[in-house]
Amino acid sequence: MSYQICRSASRAARSLLSASKGSAILFEGRAIAAIAANKSRGRYSSLSSLYENASDKTSSNGWLSAALTLPAAVYMLQEKEAHAAEFERTFIAIKPDGVQRGLIAEIISRFERKGYKLVAIKLVIPTNDFAQKHYHDLKERPFFSGLCDFLSSGPVLAMVWEGEGVIKYGRKLIGATDPQKSEPGTIRGDLAVVVGRNIIHGSDGPETAEEEISLWFSPNELISYSSNAEKWIYGVN
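Predicted model, so just to flag it, every value in this text is computed and none were measured. (Residues numbered from 1 in each chain as written. Predicted model: local features only at pLDDT ≥ 70, side-chain atom pairs only at ≥ 80, totals over all residues. Heavy atoms only, no water.)

1. Considering the confidence of the model for the protein chain
Note that predicted coordinates carrying low pLDDT should not be read in detail. Per-residue confidence for the protein chain gives a mean pLDDT of 78; residues scoring 70 or more make up 63%. Of the regions scoring below 50 in pLDDT, residues 53-60 engages in 14 contacts with residues more than four places distant in sequence or in other chains. Contacts for the low-pLDDT stretch residues 65-80, under 50 throughout, to residues beyond four places or in other chains number 35 contacts. (pLDDT = per-residue confidence, 0-100. Contact = heavy atoms within 4.5 Å.)

Written as structure tokens, this is what we have:
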């Protein structure tokens, strides 16, 4: 999987960066990270392809001649971007009741204050058919029809949040499905009262997150960027 490739390469890059203050080592660390990023986009068949273009596989000049074959924007990739390859993404939706109650800013601020990064957002009114696709795993439940009717009853704020452990901890921020069982301090514990109007949805695992993100967003609606706050959140300087 491309994330695993990026994760291995980013760790190698950070090891090189911490091993020396020399410019050659710094450049090589960035080059590894760049190759990993391009591997995930299908531009290189393996990490070793960088060496194949090098006249001297052990020298900085060899690294330089190889890396110059990369697009300038790629081989200047910073080590903090390599670290971003380890981040998870999760789908979060503010349901029609949350939107109508004016809770958008409150909910977004809780994820931002935690340190997570917003990478996609849009306000939509889902059709009933679309709602059925979203809740497909609950189609045998007696409340399935009511769930779909409610989700398609008004605007939904669909979002994708990114960060380390965002799937699991995002669920903790949200709280239990039943607001009466949610701890104070959680979104549902503080802002909701009954199950049928629990204001927010969050992916419950990596597979669900991937599925829901692809259902609600097209690839070109997802943004990748480095935040200046990340070095203060994750310690990547």
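2. A short note on the nonpolar core
If you look at the biggest cluster of nonpolar residues, it comprises 21 residues, and the most contacted ones within it are Ile107, Phe111, Trp161, Ile199 and Ile200. Those elements that place two or more of their residues in this core are β1 (88-94), α8 (104-114), β3 (156-163), α11 (166-174) and α12 (187-191). No other element matches the four residues that α11 contributes to this core. With residues near it in sequence (within four places) discarded, Ile107 still touches Ile94, Ile187, Leu191, Ile199 and Ile200. (Core = buried A, V, L, I, M, F, W, Y, C linked by side-chain atoms within 4.5 Å. Buried < 20%, exposed > 50% of the residue type's maximum accessible area, 1.4 Å probe, protein only. Helix = DSSP H or I, 4+ residues; strand = E, 2+ residues; numbered from the N terminus.)

3. Brief notes about the pattern of salt bridges
Should their charged atoms come close, side chains of opposite charge can pair. The tally for this structure, following the rule as stated, stands at six salt bridges. Between Lys122 and Glu221 there is a salt bridge whose closest N-O contact spans 3.2 Å. Of this pair, Lys122 sits in strand β2 (residues 117-124) while Glu221 sits in the loop between α13 (206-216) and α14 (230-234), and the two are 99 residues apart along the sequence. Given the relative accessible area of 23%, Lys122 is considered partly exposed. Among the charged side chains, a salt-bridge network with shared partners connects Arg89, Lys117, Glu162 and Glu230. (Salt bridge = Lys/Arg side-chain N within 4 Å of Asp/Glu carboxyl O.)

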